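What the coordinates show
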Amino acid sequence: MTANRIHPLLIAFTVCVFFFLLTPLVIIIGAAFSDTSFLTFPPQGLTLHWFWNIFQIEAFRTTAITSFELAFLGTALSLLIGIPAAYAITRYRLELPSWLSTLFVLPILVPEIVFGFSLMKSITIGLDLPIFASLLIGHALLVLPYSVRVVSASLASFDFSIEEAAISLGCPPVKTFLTVVLPNIRAGVIAAFILAFITSINDVSVSVFLTGPGISTLPIQILAHMEQFFDPTIASVSVLLMLVTVGVMAIVEATLGLTFLTK
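The sections below set out a description of the structure shown in this document. Worth saying up front: this structure is predicted, and the values here are computed from it rather than measured.

Turning our eyes to something else, we now look at the overall build of the chain. Assigned secondary structure in the chain consists of 13 helices and 0 strands. Of the regular secondary structure in the chain, the N- to C-terminal order runs α-α-α-α-α-α-α-α-α-α-α-α-α. Overall, the chain is about 75 × 70 × 30 Å in size when its C-alpha atoms are taken along their principal axes. In the chain, which comprises 263 residues, the proportion classed as buried is 38%. Sequence separation of 24 or more characterises 71% of the internal contacts of the chain that already satisfy a separation of 6 or more. If the 9 positive side-chain charges of the chain are averaged to one point and the 13 negative ones to another, these points end up 13 Å apart.

Position of Phe13 relative to the elements: it lies in helix 1 (residues 8–32). Counting along the chain gives 39 residues from Phe13 to Trp52, while the straight-line C-alpha distance between them is 39 Å.

So, on to the nonpolar core. By size, the foremost hydrophobic cluster in this structure holds 22 residues, and its most contacted members are Phe104, Val148, Val151 and Leu155. Listing elements by their share of this core, those giving two or more residues are helix 3 (58–91), helix 7 (131–156), helix 8 (160–168), helix 9 (173–184) and helix 10 (186–201). Here this core gets 6 residues from one element, more than from any other, and that element is helix 3. In this structure, Leu70, Phe115, Ile123 and Val206 belong to the second largest nonpolar core, which totals 11 residues.

The next subject is the side chain of Ser147. The topology assignment puts Ser147 in helix 7. Judged by relative accessible area, which is 0%, Ser147 ranks as buried. There is a polar contact of 3.0 Å between the side chain of Ser147 and the side chain of Ser78. Discounting chain neighbours no more than four positions away, the residues touching Ser147 are Ser78, Leu79, Gly82, Ala192 and Ala196.

Turning to the pattern of salt bridges, a few remarks are in order. Inspection of the entire model under this criterion finds 2 salt bridges. Between Glu163 and Arg91 there is a salt bridge, with its nearest N and O atoms 3.1 Å apart. In this pair, Glu163 is assigned in helix 8 and Arg91 in helix 3, connecting sequence segments 72 residues apart. On the basis of relative accessibility, which here comes to 3%, the residue Glu163 falls in the buried class.

Moving on, we come to the layout of surface pockets. A volume near 180 Å³ is recorded for the largest pocket. Forming the boundary of the largest pocket are Ile54, Phe55, Phe60, Arg61, Ala64, Phe68, Leu218, Val237, Leu240, Leu241 and Val244. At the level of elements, helix 2 (49–56), helix 3 and helix 13 (233–255) are the ones that each hand at least two residues to the lining of the largest pocket.

With 16 residues, helix 10 should reach 22 Å at 1.5 Å per residue; the first-to-last C-alpha distance of 22 Å fits that figure. Of the residues making up helix 10, those classed as buried are Ala187, Gly188, Val189, Ala192, Ile194, Ala196, Phe197, Ser200 and Ile201.

Here is what the cut-offs are and how they apply
- Residues numbered from 1 in each chain as written.
- Predicted model: local features only at pLDDT ≥ 70, side-chain atom pairs only at ≥ 80, totals over all residues.
- Heavy atoms only, no water.
- Helix = DSSP H or I, 4+ residues; strand = E, 2+ residues; numbered from the N terminus.
- Buried < 20%, exposed > 50% of the residue type's maximum accessible area, 1.4 Å probe, protein only.
- Contact = heavy atoms within 4.5 Å.
- Lys, Arg positive; Asp, Glu negative; His and termini not counted.
- Charge placed at Lys NZ, Arg CZ, Asp CG, Glu CD.
- Core = buried A, V, L, I, M, F, W, Y, C linked by side-chain atoms within 4.5 Å.
- Polar contact = N/O pair within 3.5 Å; in protein donor to acceptor, adjacent residues only side chain to side chain.
- Salt bridge = Lys/Arg side-chain N within 4 Å of Asp/Glu carboxyl O.
- 1 Å grid on protein atoms, 1.4 Å probe; cavity = no way out; pocket = protein on both sides within 12 Å on 5 of 7 lines; lining within 4 Å.
- Points joined across faces, edges and corners; volume = space filled by probe spheres on them.
- Expected span 1.5 Å × (residues − 1).

See the structure below:
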């Protein structure tokens with residue numbers, strides 16, 4: 001009995017796909033270490049000067065802090081809304097109208113430029129909210145669909161008879177949700193947090209309408225820097241953002257294991 005052999009064309013196609021995905025990353029990493037005053041690849045000499053230059057520019061430091069604050073708080077707020085919404089949609093899907101689940105995905109169905117402009121008109125101008133509060137609401141609404149969808153997918157495989165059994169034994173509904181339902185869907189919650197956090201920290205289209213004097217985000221600052229300079233600092237910032245993503249996934253792998261997110 002012979003093992004099935006993989007067709008050479010399939011191997012070639014897979015190699016091409018990986019080459020297409022990895023080549024831009026290799027170029028960015030190489031340009032970040034280039035010992036030149038302009039972006040170039042392959043690098044002409046190696047240096048860490050441009051990474052150090054990031055921390056010398058105050059605008060990058062302040063906007064990075066703002067971006068991480070917005071990503072964390074916006075994701076947390078979206079989960080506070082998204083988890084109960086996903087629970088209601090899944091648990092009472094027969095009683096609730098069918099269009100309700102579509103309502104929560106509107107932020108990703110509407111073009112982000114239109115969505116960002118609408119938020120600017122309704123929140124920043126209409127409600128006259130501070131810039132940071134407007135950004136926080138905008139980021140929370142932007143990532144809300146990911147929270148609802150991912151948690152709903154996790155709840156779809158949950159056996160609600162377990163919850164009913166706990167309630168029938170005298171456990172209050174809220175305590176049942178916190179001690180029975182939530183621990184069983186923690187994989188979906190963690191996956192939703194990671195996806196929403198990464199989406200928020202890299203957002204440009206919505207943030208560009210909600211930023212203002214004194215407050216900006218890191219992606220917006222990157223665009224502003226590129227308008228005046230064309231040095232490898234931009235590539236170095238991109239490498240650091242990639243390292244943040246890899247670091248988040250490494251923490252998940254070390255604590256839970258990546259296969260945990262697929263359960």
